[in-house]
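# Structural overview
Listed below, chain by chain, are the residues.
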Amino acid sequence: MGKLQSKLHRRSDIYRAREGAESTPLPQVAQYEPAHADSVNCVTSLNSDLCVSGGSDQAVVVYDWRAGKVCRCFHGHSKEITKLGCLAGSTWIFSASRDKSVLMWDFTGRPNPIQSFCGHRTVRRGRPSDGSKLCTGSRDNSMCLWDVERQCLHRNTISRNLVTHLCWVPGGTSIVQTSEDKTISRTWQVTNTFPAKQYIQTHCDVSVNHYHLLSSSNGFGGHGCEATLWDLRQPGCKVVEYRGHVQSTACCVFLPPSIGSPALVASSSHDSSVKIWDQNTAACLFTLPLDGSGPLASLAPCDSSTVLCASYYTGLHQLQLSQRTTPSLREVARF
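All residue numbers refer to positions counted from 1 along the written sequence of the respective chain. Two thresholds apply to this predicted model, a pLDDT of at least 70 for residue-level local features and 80 or more for giving and counting side-chain atom pairs, whereas whole-chain, interface and lining totals are computed over all residues. Hydrogens are left out, water is left out, and the side-chain values use all remaining heavy atoms of the structure.

### A look at the overall build of the protein chain
Formally: Here a helix means four or more residues in a row that DSSP labels H or I, a strand means two or more in a row labelled E, and each is numbered from the N terminus. Residues count as neighbours in contact if any of their non-hydrogen atoms are within 4.5 Å of one another.
Each helix and strand counted, the protein chain has zero helices and 33 strands in total. If you take every contact in the protein chain between residues at least 6 apart in sequence, the share linking residues at least 24 apart comes to 41%.

### Some points on the side chain of S97
The line we're drawing: Identification of polar contacts relies on pairs of N or O atoms within 3.5 Å, with a donor-acceptor requirement for protein atoms, meaning one able to donate a hydrogen and the other able to accept it, and with residues adjacent in sequence counted only if both atoms are side-chain atoms.
Looking at the element boundaries, S97 is found in strand β9 (residues 92–97). A distance of 3.0 Å separates a polar side-chain atom of S97 from the backbone oxygen of E80.

### What to know about the nonpolar core
Short version of the rule: The definition of a nonpolar core used throughout is a set of buried Ala, Val, Leu, Ile, Met, Phe, Trp, Tyr and Cys residues joined through side-chain atoms within 4.5 Å. Partly exposed residues are those whose accessible area sits between 20% and 50% of the maximum for their type, while under 20% is buried and over 50% is exposed, using a 1.4 Å probe and protein chains only.
Formed by 16 residues in total, the largest nonpolar core has its most connected members in L255, V274, L290, L299, C309, L319 and L329. Those elements giving two or more residues to this core turn out to be β26 (249–254), β27 (264–269), β28 (273–278), β30 (296–303), β31 (306–311) and β32 (316–322). If near-sequence neighbours (up to four positions away) are discounted, V274 is found in contact with S267, S268, F286, T287, L288, L290, L296, L299, C309, L319 and L329.

### Some points on the pairing of strand β6 (residues 59–64)
Note the threshold: Strand pairing is defined by DSSP finding a minimum of two bridges between the two strands.
Across the six residues that make up β6, a large majority, six, are buried. Here β6 shows a buried face lined by A59, V61 and Y63 and a second buried face lined by V60, V62 and D64. Pairing of strand β5 (residues 50–55) with β6 involves five bridges; the strand directions are antiparallel. Its bridge partner lying in β6, S53 is registered against V61. Taking the residues between adjacent antiparallel strands as the criterion, β5 and β6 are bridged by three residues, where Q58 takes a positive phi near 70°. Pairing of β6 with strand β7 (residues 69–75) involves six bridges; the strand directions are antiparallel. Looking across to β7, one finds that V60 is bridged to F74. As consecutive antiparallel partners, β6 and β7 are separated by four residues, and within that stretch G68 has a phi angle of approximately 75°, a positive value.

### Comments concerning the environment of P111
Mapped onto the fold, P111 is located in the loop between β10 (102–106) and β11 (115–117). The sequence separation of P111 and G76 amounts to 35 residues, and the corresponding C-alpha distance is 9.1 Å. Discounting residues that sit within four places of it in the chain, P111 has contacts with R72, F74 and W105.

### Thoughts on the pairing of strand β20 (residues 201–206)
Counting buried positions over the six residues of β20 gives six, a clear majority of the element. Relative to strand β21 (residues 212–217), β20 runs antiparallel, the two being bridged by five bridges. For Q201, the partnering residue across the bridge sits in β21 and is S217. If you look at the hairpin formed by β20 and β21, you'll find five residues sitting between the two strands, and H210 has a positive phi there, around 55°.

### Quick notes on the pattern of salt bridges
Opposite charge on two side chains allows them to pair when their charged atoms are near. Heads up, the rule is: When a carboxyl oxygen of Asp or Glu is within 4 Å of a side-chain nitrogen of Lys or Arg, the pair counts as a salt bridge.
Scanning the entire structure with this criterion turns up ten salt bridges. A salt bridge links K197 to E241; the nearest nitrogen and oxygen atoms lie 2.4 Å apart. In this pair, K197 sits in the loop between β19 (192–193) and β20 while E241 sits in strand β25 (residues 237–242), placing the two residues 44 residues apart along the sequence. Residue classification places E241 among the partly exposed residues on the basis of a relative accessible area of 21%. In this structure, R243 engages E226 in a salt bridge whose closest nitrogen and oxygen atoms are separated by 3.9 Å. Taken together, the positions of R243 in the loop between β25 and β26 and E226 in the loop between β23 (223–224) and β24 (227–231) put the pair 17 residues apart, joining distant regions of the chain.

### What about the sheet that holds β11?
Rule in force here: To define axes, lines are fitted to C-alpha atoms, for helices over the stretch in contact only, and angles between the resulting N-to-C directions are given on a 0 to 180 degree scale.
Pairing within the open sheet is antiparallel, and its four strands lie in the order β8-β9-β10-β11. Single-partner strands in this sheet number two, and they are β8 (81–86) and β11. Neighbouring strand axes in the sheet, compared pairwise and without regard to direction, differ in orientation by 20° on average. Note that β8 and β9 share five bridges and pair antiparallel. Residue pairing in the sheet places L84 in a bridge with S95 of β9.

Such coordinate-based values are descriptive only and should not be taken to indicate function.
Below is the structure:
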């Protein structure tokens, strides 16, 4: 990623000139202390003020995005970090790495991991539940269910099930996972398998009311590269597809609802853009290009007006979401 520029200062002499109109100041992007020394692969929200990110520098970083400063930095992995998860209402953080381990950290505790989970042969993804359980998935075709005391409670292996992402269905015990066999499965013992897509599924997210599922697809040249909305009440029922990215769609998330506004979905892509979609009609409402950022790997809604985006070349981006009349995004800070 290289060194980021030092913090920008406001300058009264920077304006956009308009013929026959008063000059108006250009919007500025604040540059804060960098969170990572290399590409950022994942970001998630710890609480309303703090986010957690993982990168190719093997670090797990807790960052105060409102103040623009690093709060904690954890080191314990020997290879890049691929996925992160936080236990709702707690200070626990889970990080998955290409070193074949999942480590558990306490934001308010010691700098060393408090637990490690080893049982997969290759890269895995880990997500905590709303209780004391952790689910991990891997390219070794298996998923494991753990308690936080490191005991493996269940292991399930399915041929060709190279897990790419997984998440818990809110308020339940079901798990949704995407895989490289281009399918989406639901629950620990597979009860539903969604129709195979043309390209590998890269990410998934479940709505707060647990009615809908999002999945995203890799691709190239505009082929694939979409996100798909599924109805969990009618397993296998595809509602709409969100098409418009021209390279792999790495992440797709439901955005927090706003009174009087349509339900919204956001997606990030290797084409260096973030798009906002009308959840129900699949209309693209806004596109924010982040030029020079390289592939955009991950999105994390933090509150009703803030979305964080992880990039390969330019660190983390703080995006301000406006849902007045026409939804829009504006970059306000990088770190």
